[in-house]
Amino acid sequence: MLQGKTALVTGSTSGIGLGIAKALAKQGADIVLSGLASDAEADALKSELSDSFGVRVGFSGANLTDPDAIEGMMGYVARDFGGADILVNNAGVQHVAPIEDFPVSRWDLIISLNLSAAFHTTRMAISGMKEKGWGRIINTASAHALVASPYKAAYVAAKHGIAGLTKVVALEGAEHGVRCNAICPGYVYTPLVEGQVADTAKARGMTEEEVKRDVLLAAQPTKEFVTTEQIGDMAVFLCSAGGASMNGSIIQMDGGWTAQ
Ligand code: NAD
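For every chain, the first residue of the written sequence is number 1, and numbering continues from 1 onward in sequence order. In keeping with the model being predicted, local features are shown solely for residues with a pLDDT of at least 70 and side-chain atom pairs are shown and tallied solely at 80 or more, while totals for entire chains, interfaces and linings include all residues. Where side-chain values are given, they derive from all heavy atoms of the structure, hydrogens and water being excluded.

Colleague: Now, about the pattern of salt bridges: what can you tell me, with residues and values included?
Modeller: Each reported salt bridge corresponds to a side-chain nitrogen of Lys or Arg within 4 Å of a carboxyl oxygen of Asp or Glu. This model, assessed by the stated rule, comprises 4 salt bridges. A salt bridge links Lys22 to Glu48, with the nearest nitrogen and oxygen atoms 3.1 Å apart. Of this pair, Lys22 sits in helix H1 (residues 15–26) while Glu48 sits in helix H2 (residues 39–53), placing them 26 residues apart in sequence. We classify Lys22 as partly exposed; its relative accessible area is 28%. Between Lys132 and Asp85 there is a salt bridge, and its shortest N-O distance comes to 2.8 Å. With Lys132 in helix H4 (residues 104–132) and Asp85 in the loop between helix H3 (67–81) and strand E4 (86–89), the pair connects residues that are 47 residues apart, well separated along the chain. Helix numbering and strand numbering both begin at the N terminus, where a helix is a DSSP run of H or I of at least 4 residues and a strand a DSSP run of E of at least 2. Residue exposure (1.4 Å probe, protein chains only): buried if accessible area is under 20% of the type maximum, exposed if over 50%, otherwise partly exposed.

Colleague: Tell me about the packing of aromatic side chains, residues and numbers included.
Modeller: Stacked, edge-to-face and tilted labels apply to pairs of Phe, Tyr and Trp rings (six-membered ring for Trp) whose centres lie within 6.5 Å, assigned for plane angles under 30 degrees, over 60, and everything in between, in that order. All told, the structure shown has 3 aromatic pairs when counted by the stated rule. For the ring pair Tyr187 and Trp257, a centre distance of 5.3 Å and an interplane angle of 10° mean the geometry is stacked. Separated by 70 residues along the polypeptide, Tyr187 in the loop between strand E6 (178–185) and helix H6 (191–204) and Trp257 in the segment after strand E7 (250–253) bring together distant segments of the chain. Look at Tyr187 and you get buried, because its relative accessible area is 9%. We call a charge positioned over a ring when the NZ of a Lys or the CZ of an Arg lies within 6 Å of the ring centre and within 35 degrees of the ring normal. Just above the ring of Trp134 sits the side chain of Lys5; from NZ or CZ to the centre is 4.1 Å. Taking NZ or CZ as reference, Arg56 lies 4.1 Å from the ring centre of Phe81, over its face.

Colleague: Account for the site of the ligand, naming residues and giving values.
Modeller: Close to the ligand lie 29 residues; Thr13, Ser14, Tyr155, Val188 and Thr190 are nearest. Within the backbone of Ile16, a nitrogen or oxygen atom sits 2.8 Å from an oxygen atom of the ligand. Here an oxygen atom of the ligand and a backbone polar atom of Leu36 are 2.9 Å apart. When the ligand is considered free in solution it has 830 Å² of accessible area, and contact with the protein chains removes 92% of it. Cavities and pockets are found on a 1 Å grid laid over the protein atoms alone: a cavity is a set of points where a 1.4 Å probe fits but cannot escape, a pocket is an open set with protein on both sides within 12 Å along at least five of seven lines, and a lining residue has an atom within 4 Å of such a point. Grid points define the cavity or pocket, and a molecule sits in it when more than half of its atoms lie within 2 Å of them. Given that more than half its atoms are within 2 Å of the pocket grid, the ligand belongs to the largest pocket. If you list the elements that add at least two residues to the shell around the ligand, you get H1, helix H5 (153–173) and H6. With 3 residues, the single largest contributor to the shell around the ligand is H6. Counting contributing residues, the shell around the ligand receives three or more from each of domain 1 (6–186 + 227–252) and domain 2 (189–225). To be near a molecule or strand, a residue needs just one of its heavy atoms within 4 Å of it. Definition of a polar contact: a pair of N or O atoms within 3.5 Å, with one able to donate and the other able to accept a hydrogen when the atoms are protein atoms, and with sequence-neighbouring residues admitted only if both atoms are side-chain atoms. For the accessible areas, the method is Shrake-Rupley and the probe is 1.4 Å, while residue cover comes only from the protein chains on display. Domain limits in this description derive from either an automatic procedure or a database domain assignment.

Colleague: Quick rundown of the packing of H1 against H2? Include the residues and the values.
Modeller: Note on definitions: angles span 0 to 180 degrees between N-to-C directions of axes, and those axes are lines fitted to C-alpha atoms, for helices only across the stretch in contact. At a closest axis distance of 9 Å, the pairing of H1 and H2 adopts a crossing angle of 30°. Relative to H2, the element H1 is oriented roughly parallel. Like other packed secondary-structure pairs, H1 and H2 cross with a definite hand, here right-handed. Every residue of H2 that contacts H1 at Leu18, Ala21, Lys22, Ala25 and Lys26 is listed here: Leu45, Glu48, Leu49 and Phe53. Of the residues that constitute the contact of H1 with H2, the class distribution is 6 nonpolar, no polar and 3 charged. Just so you know how the angles are binned, under 35 degrees is roughly parallel, over 145 roughly antiparallel, 65 to 115 roughly perpendicular, and the rest oblique. Left-handed describes a crossing in which the near helix is turned anticlockwise from the far one by less than a right angle; the clockwise case is right-handed. Two residues form a contact once any of their heavy atoms are found within 4.5 Å. Under the scheme applied here, ten amino acids are nonpolar (Ala, Val, Leu, Ile, Met, Phe, Trp, Tyr, Cys and Pro), four are charged (Asp, Glu, Lys and Arg), and all others, including Gly, are polar.

Colleague: Go over H4, please, and point to the residues and values.
Modeller: Helical geometry: 3.6 residues make up each α-helical turn, so side chains three or four residues apart lie on a common side. Its 29 residues place the ends of H4 41 Å apart at the C-alpha level, agreeing with the 42 Å of an ideal helix rising 1.5 Å per residue. Where H4 bends most, the angle comes to about 40°, and this point is Ser116. Of the residues flanking the end of H4, it is Gly133, one or two places downstream, whose phi is positive at about 75°. Expected span of a helix, by definition, is 1.5 Å for each gap between consecutive residues, and there is one gap fewer than residues. To get the bend at a residue, fit one axis to the 7 residues ending there and another to the 7 starting there, then take the angle between the axes.

Colleague: Please set out empty space enclosed by the protein residue by residue, giving values where relevant.
Modeller: Grid points are joined across faces, edges and corners, and a volume is the space filled by probe spheres set on the points. Enumeration over the complete set of coordinates arrives at 1 cavity of 30 Å³ or more. Size it by volume and the largest cavity reaches roughly 80 Å³. As for the largest cavity, its lining consists of 13 residues, of which Thr10, Asn89, Asn90, Ala91 and Leu113 are closest to the centre. Among the elements of the structure, H4 and H5 are those that each provide at least two residues to the lining of the largest cavity. Tallying contributions element by element places H4 first for the lining of the largest cavity, with 5 residues. Looking at side-chain class alone, the lining of the largest cavity contains 6 nonpolar, 6 polar and 1 charged residues.

Function cannot be read off these values alone, since they describe shape.
What follows is the structure, encoded as structure tokens:
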């Protein structure tokens, strides 16, 4: 379905981004992986995807908190792959602390990676998409784009911000064949959440199992983690002909969390 297209997926060396990259590769898209990984890790992932799906796979180790590094990554995608037809803004980190103790450096990091990086990649990719008359921009937001939780000031602010950015880009691309949507997962068991479980267990004096059941999945009525495969399937749908009228949608995939 996606032969001849290139998908740049930020933060795709693990977790949700890797799940999306695999799902798009399975549909025949060439893939540019991105993330903070060693050369050996990046090479292993590139081989895994190209061997499994028979597509071309590139990698950028750009630190996406740095606009100049983002420009370098976008230049590489333009030169070596003819630009991104599909852009998945997914890289993100979390920090959990009461606002009065929230480290300023963590606030700055989360806003620049979880929000500003998507602005930079989008502003650099959208002209090429408009010229081709086809483009898909998918932002990995979160249930925290719609509701808040305590101790996550920067993350919730950035995710609400990305929901707004998604709607603006959807309007600007609408008449040029470009679609922009946000996927809002509830809890997905990835390295990001593993770290959060450990931090929360320490902060609240609970076991990790108690944190999973009573803190994380307490808000998720299905009591099941969302899977990276399910999110990959949603990304594929958004790139399919059936998804062509999806534009500016803030799509909850949270087991009913935000229905409450
Ligand atoms: P993860 O920790 O598994 O992956 C994060 C990715 O981002 C990795 O590839 C990492 O190398 C990359 N990255 C981190 N800092 C970077 C930087 N400075 N520059 C470039 N790349 C960087 O996390 P995940 O759980 O897969 O999260 C991916 C996205 O999904 C994030 O935006 C997160 O907010 C969102 N999300 C996660 C969950 C969840 O429960 N895991 C739920 C909702 C939304």
